[in-house]
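Summary of the model geometry
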Amino acid sequence: MIKRVFTPEETAAIVNDYKNNVVVRDIYSKYRLTSNQLTKILQENGVEQRMPRGNSTNSTKRFRTCQCCKRKVEVRGARFCPSCGSDIRSEEQLLNERLNKLFTMLMALPSSQRDEAQQIIKDVAVYLNKQVN
């Protein structure tokens, strides 16, 4: 097997994506690297590793009670209550979804304006993540 060597720019981009809470599986795909390679890059750059999503306190709650009909709804992948149709997503999930939609809409802007707008959205997302945590 050929060992892949990452350029300093790729390493910086990997670290930046990790710090910006990009899903680790997406980082693996985007940069075609293994978990061992990611761990090594993070250690070499002094980045503290995140807790796996499956072990976080937020994801251990498998069910949420619908505020309208009071039925238990399995959280995994659910956006709406299957009984009454009410939106069961948290405020944080709704905000992240709207930020992602706004980010994709920026692709219609001319490139001269796109970079500045993308940076503003990233700054807002980082700020909001700090407020939630």
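Whatever comes next refers back to the structure up there.
Basis of the calculations
- Residue numbers restart at each chain and count upward from 1, following the sequence in its written direction.
- Per-residue local features of the predicted model are confined to residues with pLDDT of at least 70, and side-chain atom pairs are confined, for both listing and counting, to 80 or more; whole-chain, interface and lining totals are unaffected and use all residues.
- Heavy atoms from the whole structure form the basis of all side-chain values; hydrogens and water molecules are not counted.
- Numbered from the N terminus, helices here are DSSP runs of H or I no shorter than four residues, and strands are runs of E no shorter than two.
- Relative accessibility decides the category of a residue: with a 1.4 Å probe and only protein chains considered, values under 20% of the type maximum give buried, values over 50% give exposed, and everything between is partly exposed.
- Any two residues whose heavy atoms approach within 4.5 Å are treated as being in contact.
- Where accessible areas are quoted, they stem from the Shrake-Rupley method and a 1.4 Å probe; at the residue level, only the protein chains shown are allowed to cover.
- As a rule, the C-alpha atoms of each element are fitted with a line to give its axis, helices using only the stretch in contact, and angles between N-to-C directions run from 0 to 180 degrees.
- Orientation is classified from the angle alone, with under 35 degrees giving roughly parallel, over 145 giving roughly antiparallel, 65 to 115 giving roughly perpendicular, and any other angle giving oblique.
- Helix crossings fall into two classes, left-handed where the near helix is turned counterclockwise from the far one by less than a right angle and right-handed where it is turned clockwise.
- Under the grouping applied here, Gly and all other residues not named as nonpolar or charged are polar, the nonpolar ones being Ala, Val, Leu, Ile, Met, Phe, Trp, Tyr, Cys and Pro and the charged ones Asp, Glu, Lys and Arg.
- Here, a salt bridge means any side-chain nitrogen of Lys or Arg that lies within 4 Å of a carboxyl oxygen of Asp or Glu.
- A 1.4 Å probe that fits but cannot get out identifies a cavity on a 1 Å grid over protein atoms alone, an open set with protein on both sides within 12 Å along at least five of seven lines counts as a pocket, and a residue lines either if it has an atom within 4 Å of a point.
- Grid points are joined across faces, edges and corners, and a volume is the space filled by probe spheres set on the points.
- Each Phe, Tyr or Trp ring (for Trp, its six-membered ring) is paired with any other whose centre lies within 6.5 Å, and the angle between the two planes then decides the class: stacked below 30 degrees, edge-to-face above 60, tilted in between.
- Any Lys NZ or Arg CZ found within 6 Å of a ring centre and within 35 degrees of that ring's normal is scored as a charge over the ring.
- Working definition of a nonpolar core: buried Ala, Val, Leu, Ile, Met, Phe, Trp, Tyr and Cys residues. They are joined through side-chain atoms within 4.5 Å.

**Some details on the overall build of the chain**
Each helix and strand counted, the chain has five helices and two strands in total. The secondary structure elements of the chain, listed N-terminal to C-terminal, are α-α-α-β-β-α-α. Of all 133 residues assigned to the chain, the portion counted as buried reaches 19%. Within the chain, contacts between residues separated by at least 24 positions form 34% of all contacts whose residues are at least 6 apart in sequence. For the chain, the accessible area works out to roughly 10,500 Å², and carbon and sulfur atoms hold 52% of it.

**Examining the environment of R32**
Residue placement: R32 occurs in the loop between α2 (24-31) and α3 (35-44). A residue is classified by how much of its surface remains accessible, and R32, at 61% relative accessible area, is exposed. Taking the C-alpha atoms as reference points, R32 and R4, separated by 28 residues in sequence, lie 9.0 Å from one another.

**Some words on the packing of helix α1 (residues 8-19) against α2**
Contact geometry of α1 with α2 gives a least axis separation of 10 Å together with a crossing angle of 160 degrees. Between α1 and α2, the angle falls in the class roughly antiparallel. With respect to the hand of their crossing, α1 and α2 are arranged in right-handed fashion. Contacts between α1 and α2 involve E10, A13, I14, D17 and Y18 from the first element and V24, I27, K30 and Y31 from the second. Residue composition of the contact of α1 with α2, by class: six nonpolar, no polar and three charged.

**Description of the pattern of salt bridges**
By the definition in use, this model includes one salt bridge. Of the charged contacts, one joins D17 and K30 as a salt bridge, the two residues approaching to 3.1 Å between their closest N and O atoms. Highlighted residues: D17 in helix α1 and K30 in helix α2, separated in sequence by 13 residues. Relative accessible area serves as the criterion here: at 11%, D17 is assigned to the buried category.

**So, the layout of surface pockets**
Estimates place the volume of the second largest pocket at around 210 Å³. What lines the second largest pocket is K3, R4, V5, F6, T11, N36, Q37, K40, I41 and E44. Here the lining of the second largest pocket takes five residues from α3, the largest share from any one element. Of the residues in the lining of the second largest pocket, the class split is three nonpolar, three polar and four charged.

**Examining the environment of I121**
With respect to the secondary-structure elements, I121 resides in helix α5 (residues 111-132). Separated by 21 residues in the primary sequence, I121 and N100 have C-alpha atoms spaced 9.1 Å apart.

**Notes on the packing of aromatic side chains**
Per the stated rule, a full pass over the model turns up zero aromatic pairs. In this structure, R50 is placed above the aromatic ring of Y18, and the distance from its NZ or CZ to the ring centre is 4.2 Å.

**Topic: the nonpolar core**
One finds F6, I14, V15, Y18, I27, Y31, L33, L38, I41, L42 and V47 forming the largest nonpolar core, which totals eleven residues. At the level of elements, α1, α2 and α3 are the ones that each hand at least two residues to this core. Setting aside its immediate chain neighbours within four residues, Y18 contacts V24, I27, L38, L42, V47, E48, Q49 and R50.

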